[in-house]
Amino acid sequence: MTKSTFDIAVFPGDGIGVEVTPITLELVKAACEKYGVECNFTNLEAGAAYYKEHGVALPEDSMATAKASDAILLACMGMPSIRYPDGREIAPQLELRETLDLYAGVRPVKTLKGLPLPLADKRGHELDFVLIRESTEGLFASRNRFEKEGDEVAKDTQVITRKGSERLFNFAFKMGQRRKQLGYSGAVTCVDKANVLGSFFFFRQIFDQVAQNYTDVEANHIYVDAAALQLVRQPWMFDVMVTENMFGDILSDLGAGLMGGMGMAPSADIGDDHAVFQPCHGSAPDIMGQGKANPSAMFLSAAMMLDWLGDKFDNQGAVKAAQDITKAVEAAYESGEILPFEFGGTSGTQAIYDAVFAKLKQLQNNSITC
């Protein structure tokens, strides 16, 4: 089905979310206008602050609106000082993943020119790979039903199913095929701990079975501890990594570190019918209200959203708008005009937006005159 008008559910959430969201929507509108793509944004309430006031983290009407939308754009939710009675932080984003069955957590790791990066090897400044995290099962599956035996024992149970694993691996291999067509290696690496836990041996067996349907894509294995080592030592060896929920949560933060920080890391949680796009950073209560938040990850997450919408609804205009936003972010940093606070710079939220917006208009105007 082809569409040119999209209904987008927007969750500004908590902390710096309310600062990076409005400018992101402005950037999306500007990028889409050139291609005749229209986005209707509906701001929805949810998060820690909402829970503190109402006793509910994700109200039913917000969930219903999100479920009926074409895509969901989420900034960040949760505050360390606001928790459920059992001590867990407020995390409606997990409820969205579970309710909407968003099983594939896509975490791109792409370094940008113009930023100080942690690895000295020049190859560490040219990274471009993807980690895919299973987002509905694994160790996180027991987060609402952990067992406690008095004050002596607490148990969380990992859940790995054939259905969940097969659809995850199919998603990963299809991404590998697409990346191979774009000139990447396309190799898919399964990250597990199959040498210790039977659930991960089961996970690996299913990976090997699914791999037989994608003989055009290289399939590899690596234990998670070795993967952590190689992500620091030689991360350029990876192209598509696929792993369980908890491992993906940890390794994706390591990937963000390779990019310079969480403020540069976009993400998507994708299912068969729905998708949520959000930056990997949290609500950052230590800097909220100070104008220091880096909106780059939010911009790049919005670009991922437009690309997904364009692919799902056969709209090349949305795909081009996504490419324009990504190129504008890259150009703004490569110019050396901006450097966020987390890199030791002095560029705040508005300055970064202004630089990216200027590059977007320059890029689109140049393409018109070519």
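Conventions used here
- Residues numbered from 1 in each chain as written.
- Predicted model: local features only at pLDDT ≥ 70, side-chain atom pairs only at ≥ 80, totals over all residues.
- Heavy atoms only, no water.
- Pairing = 2+ DSSP bridges.
- Helix = DSSP H or I, 4+ residues; strand = E, 2+ residues; numbered from the N terminus.
- Axes fitted to C-alpha atoms, helices over the stretch in contact; angles between N-to-C directions.
- Contact = heavy atoms within 4.5 Å.
- Buried < 20%, exposed > 50% of the residue type's maximum accessible area, 1.4 Å probe, protein only.
- Phe/Tyr/Trp six-rings, centres within 6.5 Å; stacked < 30°, edge-to-face > 60°.
- Lys NZ or Arg CZ within 6 Å of the ring centre and 35° of its normal.
- Right-handed = clockwise from strand over helix to strand, strands pointing away.
- Salt bridge = Lys/Arg side-chain N within 4 Å of Asp/Glu carboxyl O.

Would you mind going over the sheet that holds strand β2 (residues 38-43) with me for this structure?
Two strands in a sheet stick together by hydrogen bonds in their backbones, pointing the same way (parallel) or opposite ways (antiparallel). With mixed pairing, 10 strands are arranged side by side in an open sheet as β2-β1-β3-β12-β11-β4-β5-β10-β8-β9. Of all the strands in the sheet, the pair left with one neighbour each is β2 and β9 (219-223). Neighbour to neighbour, the strand axes of the sheet diverge by 25 degrees on average, direction disregarded. Direction of pairing for strand β1 (residues 5-13) relative to strand β3 (residues 71-76): parallel, over a ladder of 5 bridges. Opposite Gly-13, over in β3, you have Cys-76 as the bridge partner. Across the sheet, helix α6 (residues 198-211) lies against β8 (188-192), β9 and β10 (240-243), angled at about 170 degrees from β9, the strand it touches most. Sheet strands touched by helix α7 (residues 224-233): β5 (128-134), β8, β9 and β10. Its angle to β9, the strand with the most contacts, is close to 95 degrees.

Explain unusual backbone geometry to me, please; I cannot follow it from the model alone.
With the exception of glycine, the majority of residues adopt a negative phi angle, and the majority of peptide bonds are in the trans configuration. The phi dihedral of Ala-284 falls on the positive side, at around 45 degrees, and the residue is not glycine. Looking at where Ala-284 falls in the secondary structure, it is placed in the loop between β12 (275-277) and α9 (296-312). Its identity is not glycine, yet Asp-314 carries a phi of approximately 55 degrees, on the positive side. When its relative accessible area of 51% is taken as the criterion, Asp-314 is described as exposed.

When you look at the packing of aromatic side chains in this model, what are you seeing that I'm missing?
Applying the stated criterion across every chain yields a total of 13 aromatic pairs. When the centroid spacing of 5.1 Å and the interplanar angle of 75 degrees are considered together, the rings of Tyr-51 and Tyr-84 count as edge-to-face. Residue Tyr-51 is located in helix α2 (residues 48-54), and its partner Tyr-84 is located in the loop between β3 and α4 (92-99); the two are separated by 33 residues in the primary sequence. For Tyr-51, a relative accessible area of 17% translates into the label buried. Geometrically, the ring pair formed by Phe-200 and Phe-247 is stacked, given 4.9 Å between the ring centres and 10 degrees between the ring planes. Taken together, the residues Phe-200 in helix α6 and Phe-247 in helix α8 (residues 245-259) connect sequence positions 47 residues apart. Take Phe-200 and Phe-247: they sit in the same class, and that class is buried. We note Arg-179 situated over the ring of Tyr-184; from NZ or CZ to the ring centre the distance is 3.9 Å. In this arrangement the basic side chain of Lys-292 is found over the ring face of Phe-341, its NZ or CZ atom lying 5.3 Å from the centre.

Which parts of the structure should I look at to understand the pairing of β8?
Within a regular beta strand, the side chains point alternately toward one face of the sheet and then the other, so they alternate between its two faces. Buried residues dominate β8, accounting for 5 of its 5 residues. Residues of β8 alternate between two faces, with Val-188, Cys-190 and Asp-192 on one and Thr-189 and Val-191 on the opposite face, all of them buried. Crossover handedness for the path β8 to α6 to β9: right-handed. By the bridge criterion, 4 bridges tie β8 to β10 in an arrangement that is parallel. Directly across from Val-191, in β10, lies its bridge partner Thr-243.

Where do I start with α4 in this structure?
At 3.6 residues per turn, the α-helix brings residues three or four places apart onto the same side. Regarding α4, the residues found buried are Pro-92, Gln-93, Leu-94, Leu-96 and Arg-97. A positive phi of about 55 degrees marks Asp-101, the residue just after α4.

Mind showing me how you'd approach the pattern of salt bridges here?
Pairing of side chains with opposite charge becomes possible as their charged atoms draw close. Per the counting criterion, the structure on display carries 14 salt bridges. Here Asp-128 and Arg-179 are joined by a salt bridge, their closest N and O atoms 3.8 Å apart. Of the two residues, Asp-128 is situated in strand β5 and Arg-179 in helix α5 (residues 162-181); the sequence distance between them amounts to 51 residues. According to the relative accessible area criterion, Asp-128 is partly exposed, its value standing at 24%.

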